[in-house]
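A closer look at the structure
Here are the chains, one letter per residue:
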Amino acid sequence: MTASTEPFTPSADLARPTVADAVVGNDAASLFIRKPNPDDGWGIYELVKACPPLDVNSAYAYLLLATQFRDSCAVATDQDGEIVGFVSGYVKSNAPDTYFLWQVAVGDKARGTGLARRLVEAVMSRPELAEVHHLETTITPDNQASWGLFRRLAERWQAPLNSREYFSTDQLGGEHDPENLVRIGPFVTTRIQA
């Protein structure tokens, strides 16, 4: 087993503009967007639990996202280091020009700031995703907040938005609304600003 050569920075130290990918808000209420780290798994889990109707996965799943998929995920923290926003996703192995967005969560403290869009754009503007020209996700038919976010992204990026049913209620065990596959693209990466 090889030890990591990447320096470790504690979460409290990450709530600083010198470490963050992007700073949003104002001096009185700045939010810092950055890649997650191992200390963030539990905070992400707690944030998602506080954001219904999001499906809550295990704390272990969020820890894996914060470590194994950190280049394609982001957290937003306040000045005290509390996680107030999170986006997770991955570049599809069978379609390396496509990023699949799994979840976006914005806590009460950060709602109404445009943070969901900024989290997505922070990830999409990373050098690791320079070859990505399509964004996909699944959205239930009645999730107006998510539909609104994706319509705004498509408009900002000047790209088409298409959708179709992807998972039926039966496929989801009969107790979950169907999920539509939503696809934005192709888009020009330089139109995305964090």
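These figures come from a predicted structure and were not determined experimentally.

Moving on, we come to the overall build of the protein chain. Helix and strand counts for the protein chain stand at five helices and eight strands. The buried share of the protein chain, taken over its 194 residues, is 46%. The contacts of the protein chain with a sequence gap of at least 6 include a subset with a gap of at least 24, amounting to 61%. Split by element, the accessible area of the protein chain, about 10,400 Å² in all, is 50% carbon and sulfur.

Further remarks concern the confidence of the model for the protein chain. On average, residues of the protein chain score 86 in pLDDT, and 85% of them reach the 70 mark or higher. Ranking the elements of the protein chain by mean pLDDT puts helix 1 (residues 11-14) last, at 48, and strand 4 (residues 83-92) first, at 97. Contacts of residues 14-18 to residues separated by more than four positions or lying in other chains number twelve contacts, the stretch itself having pLDDT below 50.

About the thresholds
- Counting starts from 1 at the beginning of each chain's written sequence and moves along it residue by residue.
- Totals for whole chains, interfaces and linings use every residue, but because this is a predicted model, local features are given only for residues with pLDDT of at least 70 and side-chain atom pairs only at 80 or more, for both listing and counting.
- Hydrogens and water are ignored here; the side-chain numbers use all heavy atoms of the structure.
- Here a strand is any run of E in DSSP of at least two residues, a helix any run of H or I of at least four, and the numbering for each starts at the N terminus.
- Only protein chains enter the accessibility calculation, which uses a 1.4 Å probe. A residue is then buried if its area is under 20% of the maximum for its type, exposed if over 50%, and partly exposed in between.
- Whether two residues are in contact is decided by their heavy atoms: any pair within 4.5 Å suffices.
- Each accessible area is a Shrake-Rupley estimate made with a 1.4 Å probe; only the visible protein chains count as cover when residues are assessed.
- By definition, pLDDT measures how confident the predictor is in each residue, and it falls between 0 and 100.

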